Amino acid sequence: MKQIAIESNTPGAAETSVIALVNAFERDAQTDHSSGPLVRLVTRLARYSQHDMEMCALTLVQKQWPNAALAVLDVIESRYGSACSIDYHRAGAMRALGKLDESDALAKRAIAADPTNLEAAIFLACNYRERGQLRAAAIVLRDYCQGAITRNEADNLLAALRFLSESVEIDIAAELCEAAIRSGLDDPRLIAESGKLALQLGEFELARTRYKDVLVKMDRPHEMFAAQAISQTKKFSDPDDPDAVLVFSALGAPGLSPTARASALFGCAKIYDDLGNFQAAAAALHEANQIIHAERGWDEGEWSARLERALHPELLRNEQGADFDFVPVFVVGMPRSGTTLTAELLQKHPQVRSRGELNFMRQLDGYVLSAPPQSRQDAVRHASEIYATHLLRDDERSRFYVDKNPMNFLLLDLIFASFPNAKVICCTRSKGDVALSLWFQFFTSPLTNFCYSLGNIKQVMDGYDRVMQFWISRQAIHETSYERLVSDPQGETSRMLDFIGASDACDLTHGANDRRRVISTASIWQARQPIYTTSVAKYKRYIKWIPELEVFS
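Calculation rules
Residues numbered from 1 in each chain as written. Predicted model: local features only at pLDDT ≥ 70, side-chain atom pairs only at ≥ 80, totals over all residues. Heavy atoms only, no water. Helix = DSSP H or I, 4+ residues; strand = E, 2+ residues; numbered from the N terminus. Rg over C-alpha atoms; globule rule 2.2 N^0.38 Å. Buried < 20%, exposed > 50% of the residue type's maximum accessible area, 1.4 Å probe, protein only. Contact = heavy atoms within 4.5 Å. Lys, Arg positive; Asp, Glu negative; His and termini not counted. Charge placed at Lys NZ, Arg CZ, Asp CG, Glu CD. Phe/Tyr/Trp six-rings, centres within 6.5 Å; stacked < 30°, edge-to-face > 60°. Lys NZ or Arg CZ within 6 Å of the ring centre and 35° of its normal. Core = buried A, V, L, I, M, F, W, Y, C linked by side-chain atoms within 4.5 Å. Pairing = 2+ DSSP bridges. Axes fitted to C-alpha atoms, helices over the stretch in contact; angles between N-to-C directions. Expected span 1.5 Å × (residues − 1).

### Quick word on the overall build of the chain
Then comes step 1: Within the chain, the regular secondary structure consists of 25 helices and five strands.
Then comes step 2: Whereas a compact globule of 553 residues would reach a radius of gyration of roughly 24 Å, the chain reaches 26 Å, a difference of no more than 12%.
Then comes step 3: If one aligns the C-alpha atoms of the chain with their principal axes, the spans along those axes are about 75 × 60 × 45 Å.
Then comes step 4: Put simply, the chain has 553 residues, and 53% of those count as buried.
Then comes step 5: Long-range contacts, defined here as pairs at least 24 residues apart, represent 71% of the contacts in the chain between residues at least 6 apart.
Then comes step 6: Computed over 61 positive and 71 negative side-chain charges, the inter-centroid distance for the chain is 1 Å.

### Here's the deal with the packing of aromatic side chains
Then comes step 1: Counting across every chain of the model gives 20 aromatic pairs.
Then comes step 2: Consider the rings of Tyr88 and Phe123, whose centres lie 5.8 Å apart with planes at 80°: the pair is edge-to-face. You can see Tyr88 sitting in helix α5 (residues 84–96) and its partner Phe123 sitting in helix α7 (residues 118–130), a full 35 residues away along the chain.
Then comes step 3: Following the ring pairs from residue to residue traces out a cluster consisting of Phe324, Phe326, Phe330, Tyr387, Tyr401 and Phe419.
Then comes step 4: When the ring centre of Tyr482 is taken as origin, the NZ or CZ atom of Arg429, which lies over that ring, is 4.2 Å away.
Then comes step 5: The ring of Phe470 is capped by Arg474, whose NZ or CZ atom sits 3.6 Å from the centre of that ring.

### Notes on the nonpolar core
Then comes step 1: Membership of the largest hydrophobic core comes to 85 residues, with the highest contact counts inside it found for Leu41, Leu45, Leu60, Leu157, Leu161 and Leu190.
Then comes step 2: Other than its neighbours up to four places away in sequence, Leu45 contacts Leu21, Met53, Cys56, Val72 and Arg79.

### Considering the sheet that holds strand β2 (residues 352–354)
Then comes step 1: With respect to topology, five strands assemble into an open sheet ordered β2-β3-β1-β4-β5, the strand pairing being parallel. Looking along the sheet, the strands with just one partner apiece sit at the ends: β2 and β5 (477–481). If you compare each strand with its neighbour and ignore which way they point, the axes differ by 25° on average.
Then comes step 2: Bridge analysis of strand β4 (residues 423–428) against β5 gives five bridges, and the strand direction is parallel. What sits directly across from Val424, in β5, is Ile477.
Then comes step 3: Across the sheet, helix α18 (residues 339–346) is in contact with β1 (327–333), β2, β3 (400–403), β4 and β5; its angle to β1 comes to roughly 155°.

### Regarding helix α4 (residues 66–80)
Then comes step 1: With 15 residues, α4 should cover 21 Å at 1.5 Å per step; its first-to-last C-alpha distance of 21 Å lies within 8% of that length.
Then comes step 2: Buried residues of α4: Pro66, Ala68, Ala69, Leu70, Val72, Leu73 and Ile76, and no others.
Then comes step 3: Those residues of α4 that are buried lie in contact with α1 (13–31), α2 (36–44), α3 (50–62) and α5.
Then comes step 4: Trailing α4 by a residue or two, Gly81 shows a phi angle of about 90°, which is positive.

So far we have only geometry, and geometry alone does not tell us how the molecule works.
Quick look at the structure:
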């Protein structure tokens, strides 16, 4: 897919001049298809510095003129000699031309010449990640991070660690974070990153320790949402627990931004809920959700457009689709309806591997729909190959792969068009429990901005019902419910495995087949506890204090 350029700040005079040169070259090339436009561009660049000429090459790549960029880079090298920055920019041009092996080699050469080059390291890791080679990407960044630790480069180290964690190599990122802290890198941001990664890995004691360190060492620690994070690290049973007191005291911190106050309120609500003080939890939730709803709002128009797209599919199921030797399993539903529990139970089968919540389908949908009608089927095939690459990766192969992104219910036509053998499991749960659970969460994605208003939650629920009714009448979709999952996990898991084609017996005491279970959704704490039924009909305990929940009964 097309690369997304990172936007820069307001350009300076030199950058503006370079952009003007490239724009003139583009206009020239539209009417003159000879080598003339390129010759004139190179001539005009004669008075520019090496840095500005390299900027010109980069801009040409971003504007999809990679061959012209290579020509400019040849001129730079002939004038100034070889340099690792030239290799790096050549790597970008080669990637734009689809020559990934050559791009890899050039990026490696740039890194070998300058091991401190973060851009080249992330570039090479991106190349690997795009081909599903996450282990190879992790090795590149691990090596870079080890050097950054030695050089005490906290900023670059954090950037590389965040790329690692975004690539789902969270365990490696966590180990590097801890290594940096042990080495004496005492940057509070690094400590906060360690806490976040520990939470996702279920290392709650370490996470709690790190976030308490943040509270001590940062000037404005609550802007890192440390109090709310601490509330997620255990179940509270004593209001005088020092950790509970620490979270409650966050509300009195001076200079809290509205978002930081909301984060602390969500943390307080979680603790009050643990303690059974539903009135106090409801009060904290009312204020927290009101703050975030006022700050972020919700784009109802965008939601309506996505809903209409889902209810009027433009892509037909392709029974002759790409021939894959695996079965993709899509677990969909409203957020907080049990999608994480469903994926966790499924992957206890030795041939099922959960990839968590992948975020590629929405991008691929835009890519497919932007293709001309006559090329639409080719675009679907290409999209399925891209998605399969990110699903399979470069670890041990399995027969079934689970994507538990709940919002994929809006993209079922692309799913069935891309993968005729796809299996879809639809999760349902008491609407009141879903609404309350959503209202308890402090999400980061703008896609979940509807969660801070119970009215907006009702709108999305109604839309979800319409979409699933539409598709269940047309495709074989297995419906499961949270209530059945927690009351009869063995039986319901067996029924789901039968549906996807993994009918041999599955022992729920069998561990999931991932190296270390990574859970980065709002289910960080709950999904690691033994299956329990105490959340069934939980919303009824809150109706007295949150009467708006009555509409979900």
